[in-house]
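# Geometric and topological summary
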Number of protein chains: 2
Amino acid sequence: MTDFAATKALFEIPDGVLYLDGNSLGPLPKAAPERVAKMLTQEWGELLITGWNKAGWMAMPMALGDRVGRLIGAEPGHVVLGDTLSIKVYQALAAALDMNPDRRVVLTDSGNFPSDLYMAEGLLRSLGRGHELRIVAPDEVAGAITDEIAILMLTEVDYGTGRLHDMATLTKRAHDAGVVTVWDLAHTAGAVPVDVAGAGADFAVGCTYKYLNGGPGAPAFIYVAPRHADRAVPALSGWLGHDAPFAFEKSYRPGTGVERMRVGTPPIIQMTALETALDIWDMADMADVRRASIGLCEVFIAEIEAACPMLTLASPRDAAHRGSQVSFRFADGYAAMQALIARGVIGDFRAPDIMRFGFTPLYIDEGDVRAAVAIIRDVMQNRLWDQAEYKARAAVT
Amino acid sequence: MTDFAATKALFEIPDGVLYLDGNSLGPLPKAAPERVAKMLTQEWGELLITGWNKAGWMAMPMALGDRVGRLIGAEPGHVVLGDTLSIKVYQALAAALDMNPDRRVVLTDSGNFPSDLYMAEGLLRSLGRGHELRIVAPDEVAGAITDEIAILMLTEVDYGTGRLHDMATLTKRAHDAGVVTVWDLAHTAGAVPVDVAGAGADFAVGCTYKYLNGGPGAPAFIYVAPRHADRAVPALSGWLGHDAPFAFEKSYRPGTGVERMRVGTPPIIQMTALETALDIWDMADMADVRRASIGLCEVFIAEIEAACPMLTLASPRDAAHRGSQVSFRFADGYAAMQALIARGVIGDFRAPDIMRFGFTPLYIDEGDVRAAVAIIRDVMQNRLWDQAEYKARAAVT
């Protein structure tokens, strides 16, 4: 059994803060500042360039990739870290398109994160081969998988509503129709048990700064199914994805397996911070995390619906179809979220009207949830959000 | 006048080390560990998600971009940081190709860094429009610029030999032939005065972990000339390059100017380390750096050639045609470099036979150069490299 009291003690949560935004940026592992300072002083400072070998920097993208891989059900050696999620989406989609050259439709849904859609748009436009990006409603995805579709590109959990797709069923349906799948796990890695190997996913990508607590700008990851790993063609063919990066050959030869999805020099300082978060994740079992997360979400939904009738549940009511977040619609949601943040309940707002709360058992327990509910009830029932100071729209909430 | 004794005091150089590899990975600014630990504790730890606004994280790619921009002669507001250099090469080349759609040749030279060639290969292959990547010898570049060429893509300073291209002349010649230019400044930013605006460069990219001392995996930068900035079409069209990233629109609309070249979430921890290096760069004038660098290189060449006839100068003898590094060819260069590193002289080796030494006046002075020469002389004259322990080839030196 995962000891959540023990994991909670390893995170820094400021006094007076109830942090329900770990789905956007996880909190600081207490070990990170010292570990990073030590890496800077003892590795970069002392070893200088030789740190790439002597401190194992060059191996970090694969070593940490395996630790993320355990959380998403990947076969060892088939996840690598690097770049940002948007870049990894591009890589996965480009390689997937290459595997289905005779079809012209990329199917996705309106619950996909906009950056995934933007990256697909940019790639398809660059290719100039008349590909269509077809966006359907989430519940129409299954019916839209036909033999016209080249790629099914979905984010498993909708960043807005928390709706959870059934990866295994949709992947099976896709494969039956000759469709290659690209799964974005941004809101599932560390939130919900994922089994990319069991589901037969072709490509999966995700970020490590949300539920995985890697810090602002932590690197992304990519999984390529073992059956594809040695034939996927990298569009972003950088030197560290070359079979012999330090031979400085004039022509690109892809490396073995998922390592070919490496591009440029990896961000070692970010990875060192992430490593301290993965040390905590090593203490956790995803089945326990899921069980605890559902418990927290159920309490939250029941209490908020009872106390705040002006809030409309935007997330699936059935926990089996929901990730680890709960969203409510409220027309003045931006102002309401600002009022909550001023009182220490940190969630976030997503346009046009979504108030979003993430539940992260690694450092949030039922006491936190009940304390947050009390503050939300007070703010909503007493219209404390209806003040000018909360109404101004800022770029980031 | 730049006070190089003052800048040198701000870097951590281990006792007994003569560091001539700042062209590969700059040393640690002494302020970095504390500054990064403070960012982790007081910003990530205390502000959590609100750090994106309250700590100014979201603005860092442009704010630091301007500080890098000063060193390369860019107009303020036209450099942005992010991703890796390989990704930035891809972005610049893709946008440049879009501006010259009727031509089919990308011209580069054999002195370009292999990853630039690899990224170009991958892009051109993806496009599938029959583009050719034409690689000529460095001294044949000028003559090869014809009206058949779409893009001239060069690294200003050859990573192997240190040969310096004349950016202004080649750019003028390119423009006269209707060619768009992409300059890689990896070995010039912080090494040699660059004037992208004065030279009329169209696109320029570079990294910040070499001469700029940003640390392992520090982010790259991209410059887009003001005349192109609002019409360059991003192939990597990520949400942070969107005109309204937090409106979560379903379709991509490029942002204003170079900000459209942002892609995903920026690496804030890496940028914080880089910021401490840029604090030191703010004390430096590139003309002073160049003058000092030439002085150090001239001493080094004269002393090594006098003492070590077995080493053949691979860099241009004329300082005007050389960056801030000096390379020598030696058949057993790998072993010799290992023997030097064992005695505290850290340079690096580049296949097949290049021993490379970087000169960085910010923290290397003439005393260091003469001390390094004494050790190199001893190692070479006494064949100290001719031992089994130095002969094994490792992946990274």
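Residues numbered from 1 in each chain as written. Chains lettered and ligands numbered in written order. Predicted model: local features only at pLDDT ≥ 70, side-chain atom pairs only at ≥ 80, totals over all residues. Heavy atoms only, no water.

Chain A carries the name Kynureninase in an unreviewed UniProt entry, which gives Sedimentitalea todarodis as its organism. For the record of chain A, the UniProt heading Subunit (unreviewed entry) holds the text "Homodimer." The Cofactor (unreviewed entry) comment attached to chain A in UniProt states, word for word, "pyridoxal 5'-phosphate". (UniProt positions renumbered as here; feature names shortened; annotations may be inferred.)

Residues and elements named next belong to chain A. Where helix α13 (residues 333-342) contacts helix α14 (residues 366-381), the axes come no closer than 10 Å and their chain directions differ by 130°. Of the possible angle classes, the one that applies to α13 and α14 is oblique. At the point where α13 passes α14, the crossing takes the right-handed sense. Of the residues in α14, those touching α13 at Ala336, Ala339 and Leu340 are Ile375, Ile376, Val379 and Met380. (Axes fitted to C-alpha atoms, helices over the stretch in contact; angles between N-to-C directions. Helix = DSSP H or I, 4+ residues; strand = E, 2+ residues; numbered from the N terminus. Parallel < 35°, antiparallel > 145°, perpendicular 65-115°, else oblique. Left-handed = near helix turned anticlockwise from the far one by under 90°. Contact = heavy atoms within 4.5 Å.)

Residue and element names in this part refer to chain A. Mapped onto the elements, arginine 290 comes out in helix α12 (residues 286-307). Here arginine 290 sits buried without a salt bridge, and the closest side chain of opposite charge, aspartate 318, lies 7.4 Å off (N-O distance). Apart from residues lying up to four places away in sequence, arginine 290 is in contact with Leu164, Val192, Pro193, Ala319, Ala320, Arg322 and Gly323. (Buried < 20%, exposed > 50% of the residue type's maximum accessible area, 1.4 Å probe, protein only. Lys, Arg positive; Asp, Glu negative; His and termini not counted. Salt bridge = Lys/Arg side-chain N within 4 Å of Asp/Glu carboxyl O.)

The next subject is the relation of the copies chain B and chain A. Expressed as a screw transformation, the operator carrying chain B onto chain A has a rotation angle of 180° and an axial translation of 0.0 Å, and the superposed copies differ by an RMSD of 0.0 Å. One copy is carried onto the other by what is essentially a two-fold rotation axis. Within chain B, leucine 127 of chain B has its C-alpha nearest the rotation axis, a separation of 2.5 Å. (Least-squares fit on C-alpha atoms with pLDDT ≥ 70 in both.)

Once that is clear, we can look at the environment of glycine 206 of chain A. All names here are of chain A. With respect to the helices, strands and loops of the structure, glycine 206 is situated in strand β9 (residues 203-207). In this structure glycine 206 comes out as buried when scored by relative accessible area, which is 0%. Residues glycine 206 and aspartate 184, 22 residues apart in the sequence, show an inter-C-alpha distance of 5.5 Å. Look past the residues within four positions of glycine 206 in its chain and what remains in contact with it is Leu85, Asp184, Leu185, Ala186, Ala220 and Phe221.

If charged atoms from side chains of opposite charge come close, those side chains can pair. Residue and element names in this part refer to chain A. Here the structure, examined in full by the defined rule, presents 54 salt bridges over all chains. As a salt-bridge pair, arginine 262 and glutamate 259 come within 3.1 Å of each other at their nearest N and O atoms. A residue is classified by how much of its surface remains accessible, and arginine 262, at 7% relative accessible area, is buried. Looking at glutamate 259, the relative accessible area reads 31%, which means it is partly exposed. For arginine 329, the salt bridge goes to aspartate 353, with nearest N and O atoms at 3.0 Å.

We now examine the UniProt feature "binding site: pyridoxal 5'-phosphate" (unreviewed entry) in chain A. The feature "binding site: pyridoxal 5'-phosphate" (unreviewed entry), as annotated in UniProt, sits at Leu85, Ser86, Phe113, Pro114, Ser115, Asp116, Thr155, Asp184, His187, Tyr209, Trp239 and Thr265 of chain A in this numbering. With the annotated positions falling across 181 residues, the maximum pairwise C-alpha distance of 30.1 Å shows that they are not confined to a single cluster. Tracing the backbone shows tyrosine 209 of chain A in the loop between β9 and β10 (220-224). Residue contacts for tyrosine 209 of chain A: discarding those within four places in its chain leaves Ser24, Leu25, Gly26, Gly214, Gly215, Gly217 and Ala218 of chain A together with Thr265 of chain B. Within the element layout of this structure, threonine 265 of chain A appears in the loop between α10 (226-229) and α11 (268-281). Residue classification places threonine 265 of chain A among the buried residues on the basis of a relative accessible area of 9%. Residues within four places of threonine 265 of chain A in sequence aside, it is in contact with Trp52, Trp239 and Leu240 of chain A together with Thr84, Tyr209 and Gly217 of chain B.

Moving on to the packing of α12 of chain A against α14 of chain A. All names here are of chain A. Following both chains from N to C, one finds α12 and α14 inclined at 20°, their axes separated by 10 Å at the closest point. With respect to each other, α12 and α14 are oriented roughly parallel. Of the two possible hands of crossing, α12 and α14 adopt the one that is right-handed. Of the residues in α14, those touching α12 at Leu296, Val299, Phe300, Glu303, Ile304 and Ala307 are Glu366, Val369, Arg370, Val373, Ile376, Arg377 and Gln381.

A few words now on the interface of chain B and chain A. On the chain A side, the residues contacting the 88 residues of chain B number 88 residues. Taken over both partners, the interface formed by chain B and chain A buries close to 7300 Å², and the fraction arising from carbon and sulfur atoms is 67%. Between aspartate 98 of chain A and arginine 125 of chain B there is a salt bridge whose closest N-O contact spans 3.7 Å. For the interface between chain B and chain A, the tally reads 32 residue pairs in polar contact (both at pLDDT 80 or more). Secondary structure elements with two or more residues in the side of chain B that touches chain A: β3 (28-29), α2 (32-47), α3 (51-54), α5 (85-98), α6 (114-127) and α11 (268-281) of chain B. At eleven residues, α6 of chain B tops the list of elements feeding residues into the side of chain B that touches chain A. Taken together, the residues of the side of chain B that touches chain A sort by class into 52 nonpolar, 25 polar and eleven charged. (Buried area = accessible area lost by both parts, 1.4 Å probe. Polar contact = N/O pair within 3.5 Å; in protein donor to acceptor, adjacent residues only side chain to side chain. Nonpolar A, V, L, I, M, F, W, Y, C, P; charged D, E, K, R; others polar.)

Let us now look at the UniProt feature "modified residue: N6-(pyridoxal phosphate)lysine" (unreviewed entry) in chain A. Residues and elements named next belong to chain A. Sequence positions flagged by UniProt for "modified residue: N6-(pyridoxal phosphate)lysine" (unreviewed entry) are, in local numbering, Lys210. Summarising the element assignment, lysine 210 is placed in the loop between β9 and β10. The exposure class assigned to lysine 210 is buried, which follows from its relative accessible area of 10%.

All names here are of chain A. The domain architecture assigned to chain A consists of domain 1 (4-30 + 285-391) and domain 2 (32-281). If you average the C-alpha positions of domain 1 and of domain 2, the two centres end up 28 Å apart. Each partner contributes residues to the interface: domain 1 has 34 residues there, and domain 2 has 26 residues. Both sides together, the interface formed by domain 1 and domain 2 hides about 2300 Å², and carbon and sulfur atoms give 64% of it. Run the count over domain 1 and domain 2 and you get zero salt bridges. (Domains from an automatic or database assignment.)

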